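# Architecture at a glance
The chain contents come next:
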Amino acid sequence: MRLLVFLLTLCPLLSALSLQAADKPNVLFILCDDLRPDALGCYGSKHVKTPHIDRIAKEGVLFKNTFCTTSLCSPSRASILSGLYAHTHGVTNNFTEYPATMPSFPSVLHDAGYTTGYFGKYHMGEDNDEPRPGFDNFTTHKGQGKYFDTEWHLNGKERRVIPGYYTNVVTDLAMDWLKSVSGSGKPWAVCVGHKAPHSFYTPEPKYEHSFDDVRVPYPETAFHLEDKPAWIKQRLHTWHGIYGPLFEWRKKFPDDSPAAVKDFENMVHGYWGTVLSVDDSVGRMLAWLEETKQLENTLVIFMGDNGLLEGEHGMVDKRTAHEASLRIPAIARFPAALPKGKVIEQQMLTVDIAPSILELCGAPALTKSHGKSWVKLAKEGDSDWRTAWFYHYNYEKQFPYTPNVRAIRTDRWKYIHYPHGDGGPDRHMAELYDLKADPGETKNLISKRELAAEVTELQARLAKLMLATGLNDKTDTMPLDEGVKSELPDAKIR
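Let us look at the structure shown here. (Residues numbered from 1 in each chain as written. Predicted model: local features only at pLDDT ≥ 70, side-chain atom pairs only at ≥ 80, totals over all residues. Heavy atoms only, no water.)

### A closer look at the pattern of salt bridges
Tallied over the entire structure, the rule returns 37 salt bridges. Put simply, Arg159 and Asp129 hold a salt bridge, and the shortest N to O gap is 2.8 Å. Taken together, the positions of Arg159 in strand S6 (residues 158-161) and Asp129 in the loop between strand S3 (115-120) and strand S4 (137-140) put the pair 30 residues apart, joining distant regions of the chain. For Arg159, a relative accessible area of 41% gives the class partly exposed. (Salt bridge = Lys/Arg side-chain N within 4 Å of Asp/Glu carboxyl O. Helix = DSSP H or I, 4+ residues; strand = E, 2+ residues; numbered from the N terminus. Buried < 20%, exposed > 50% of the residue type's maximum accessible area, 1.4 Å probe, protein only.)

Here it is as structure tokens:
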């Protein structure tokens, strides 16, 4: 009799817990590396067809103006996970671990009852492929991984080379895990970290020649550097300049001859080709979610970690505060809570992702966040949404092609300056752009006397925004800018 009473008492509790779990959405978080928005159909690409990624945007929300707060893989990834700027989470370069005790949106979801998994490129801790806290399954590799035949560390149990193309392998790994946990009764959250389209851009064989007929010239801004800081011109023939090796697509360098644009064109074709495989991967995952009747209860977020310069101002790679370096794609689909086919114009940041996911999942908020949930913004608009934010990057001895950068971007203006790192006056010319009149940043207005008051105001706003995150003259430490150098970076970390 006591057993019967106990069971009768337990049943409603179990039923309530089951209902509660069913009410929580699953999370499919897909992160690409160095993905430009204009390499996707939904962001206006004329050549790259991405129907499956476009579907997420068509059936959900597309953030038209999304930016990274530090345009570098590891710092940006840490900001996405934590909702914090790089100086606070501590991952200020590509060689630092994400702090084991620092909360992240996956760890908060895990503590809230989610089964969590990470598959693919993690890239916080260059040589560490061990499992990280907050994940029930953590499968990754050391460093950048390879487009073909990467050695994987499978949840800390074994390391082995899995033959095949990276994008297909990581999709297989993630889907095999999802199939094993999706019937457990618990909500799941999986992060899929693609290598693509990070250099060295190597498409699948079936996509090697997809863009052979598309001509890709150097951007016009590459030839108009008269009003730009001198370091941008000095970068032209380096690892991060358009006349340099172009991530090994140019074998003889530097080469500033007109014929060498063909190497640039081949590089862009390779980049685009890797994106086609990512779209195939997204299609596979969406189809499986539909087949298993989980799609409508799954929050799907697809985004990039940082932008990429493809010849703008004569540069390749990222790190700078120019638009192509800052801009990333971000789209989200969750019919139960987000509108369909909506485009958000306001400026959204990498630090906004974690608080937004946690709100949509009904999970506890992060104890500290520099970002803000965009759920209200997406649903009904948010009159208190930001109109300005700041960007920072610190000079790297391993990649000596970009100085220290501190910048502010408002809805209209961008002001960039380059502190030397010794507390003295800046040694590089600053930059000022009217983004409404000149979205391509073709005219540096910093020398216009009539805009001196605007510059003073932007400097004050920049200082105020930085101070709100704990940065002032004493706390904003940075390396000494040792100048642009011509040597190539170590092959192990390219």
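### A word on the packing of aromatic side chains
The final tally for this structure, using the stated rule, is 22 aromatic pairs. Summarising the aromatic geometry, the rings of Tyr118 and Tyr122 are spaced 5.3 Å apart at their centres and angled 90 degrees between planes, so their arrangement reads as edge-to-face. Taken as a pair, Tyr118 and Tyr122 share a single burial class, namely buried. When the ring of Tyr218 is compared with that of Phe223, the centres are 6.1 Å apart and the planes differ by 70 degrees; the resulting orientation is edge-to-face. Overall, the relative accessible area of 10% leaves Tyr218 in the buried class. Among the aromatic side chains, those forming a connected cluster through ring pairs are Phe200, Tyr201, Trp239, Phe247 and Tyr271. The ring of Phe399 has Arg319 sitting right over it, with the charged end atom 4.4 Å from the ring centre. Lying across the ring of Trp239, Arg494 places its NZ or CZ 4.9 Å from the centre. (Phe/Tyr/Trp six-rings, centres within 6.5 Å; stacked < 30°, edge-to-face > 60°. Lys NZ or Arg CZ within 6 Å of the ring centre and 35° of its normal.)

### Comments concerning the nonpolar core
With 103 residues, the main nonpolar core has Leu28, Trp272 and Phe302 as its most contacted residues. Sort the elements by how many residues they give to this core and helix H8 (residues 261-291) lands first, with 13 residues. Trp272 has contacts with Ala39, His47, Val48, Phe211, Val214 and Val216, leaving out every residue within four places of it along the chain. Grouped together as the second largest cluster of nonpolar side chains are 47 residues, Ile328, Met348, Cys361 and Ala363 included. (Core = buried A, V, L, I, M, F, W, Y, C linked by side-chain atoms within 4.5 Å. Contact = heavy atoms within 4.5 Å.)

### What about the pairing of S6?
Sheet topology places strand S5 (residues 151-154) next to S6; 4 bridges connect them, and they run antiparallel. Along S6, the bridge assignment pairs His153 with Arg159. Hairpin connection from S5 to S6: 3 residues lie between these consecutive antiparallel strands, with Asn155 at a positive phi of about 55 degrees. (Pairing = 2+ DSSP bridges.)

### A word on unusual backbone geometry
At the junction of Ala196 and Pro197, the peptide bond is cis and its omega measures out at -5 degrees in the coordinates. Mapped onto the elements of the fold, Pro197 is located in the loop between strand S7 (188-193) and helix H7 (230-234). Residue Phe253 is joined to Pro254 through a cis peptide bond whose omega torsion reads -5 degrees. Mapped onto the secondary structure, Pro254 falls in the loop between H7 and H8. Of note, Asp34 is a non-glycine position whose phi angle comes to about 65 degrees, a positive value. Classification of Asp34 by relative accessible area gives buried; the value is 2%. If you check the backbone angles, His123 has positive phi at about 60 degrees while not being a glycine. A residue is classified by how much of its surface remains accessible, and His123, at 4% relative accessible area, is buried.

### A look at the packing of helix H6 (residues 166-181) against H8
How two helices sit against one another is set out by the angle between their axes and by the gap between those axes. Following both chains from N to C, one finds H6 and H8 inclined at 15 degrees, their axes separated by 10 Å at the closest point. Our classification of the angle between H6 and H8 gives roughly parallel. Here H6 and H8 pass one another in a crossing that is right-handed. Across the interface between the two elements, Thr167, Asn168, Thr171, Asp172, Ala174, Met175, Leu178 and Lys179 from H6 touch Ser277, Val278, Ser281, Arg284, Met285 and Trp288 from H8. Grouping the constituent residues of the contact of H6 with H8 by class yields 6 nonpolar, 5 polar and 3 charged. (Axes fitted to C-alpha atoms, helices over the stretch in contact; angles between N-to-C directions. Parallel < 35°, antiparallel > 145°, perpendicular 65-115°, else oblique. Left-handed = near helix turned anticlockwise from the far one by under 90°. Nonpolar A, V, L, I, M, F, W, Y, C, P; charged D, E, K, R; others polar.)

### Some points on the side chain of Thr274
Locating Thr274 in the fold gives a position in helix H8. Residue class for Thr274 comes out buried when judged on its relative accessible area of 0%. Apart from residues no more than four positions distant in its own chain, Thr274 is found in contact with Tyr147, Tyr165, Ala196, Pro197, Tyr201, Thr202 and Pro203.

### Details of the sheet that holds strand S17 (residues 431-434)
Reading across the sheet, the 4 strands line up as S14-S15-S16-S17 and stay open at both edges, with antiparallel pairing between neighbours. At either end of the open sheet lies a strand with only one pairing partner, and these are strand S14 (388-393) and S17. Neighbour-to-neighbour, the strand axes of the sheet open up by a mean angle of 10 degrees, direction not taken into account. The pairing of strand S16 (residues 413-417) with S17 spans 4 bridges and is classified as antiparallel. Bridged to Tyr415 within S17 is Leu432. With respect to the sheet, helix H12 (residues 452-467) is in contact with S14, strand S15 (405-410), S16 and S17, its orientation differing from that of S15 by roughly 105 degrees.

### A word on the environment of Lys186
By secondary structure assignment, the location of Lys186 is in the loop between H6 and S7. Apart from residues lying up to four places away in sequence, Lys186 is in contact with Gly113, Tyr114 and Thr115.

### A word on the pairing of strand S12 (residues 330-333)
By the alternation rule, side chains of S12 split into Ala330 and Ala332 and Ile331 and Arg333, which are all buried. Relative to S12, strand S2 (residues 61-67) runs antiparallel, the two sharing 2 bridges. Its bridge partner being in S12, Leu62 is matched across the sheet by Ile331. Across 4 bridges, strand S8 (residues 298-304) lies against S12 in antiparallel orientation. Among the inter-strand pairings, Met303 is bridged to a residue of S12, identified as Ala330.

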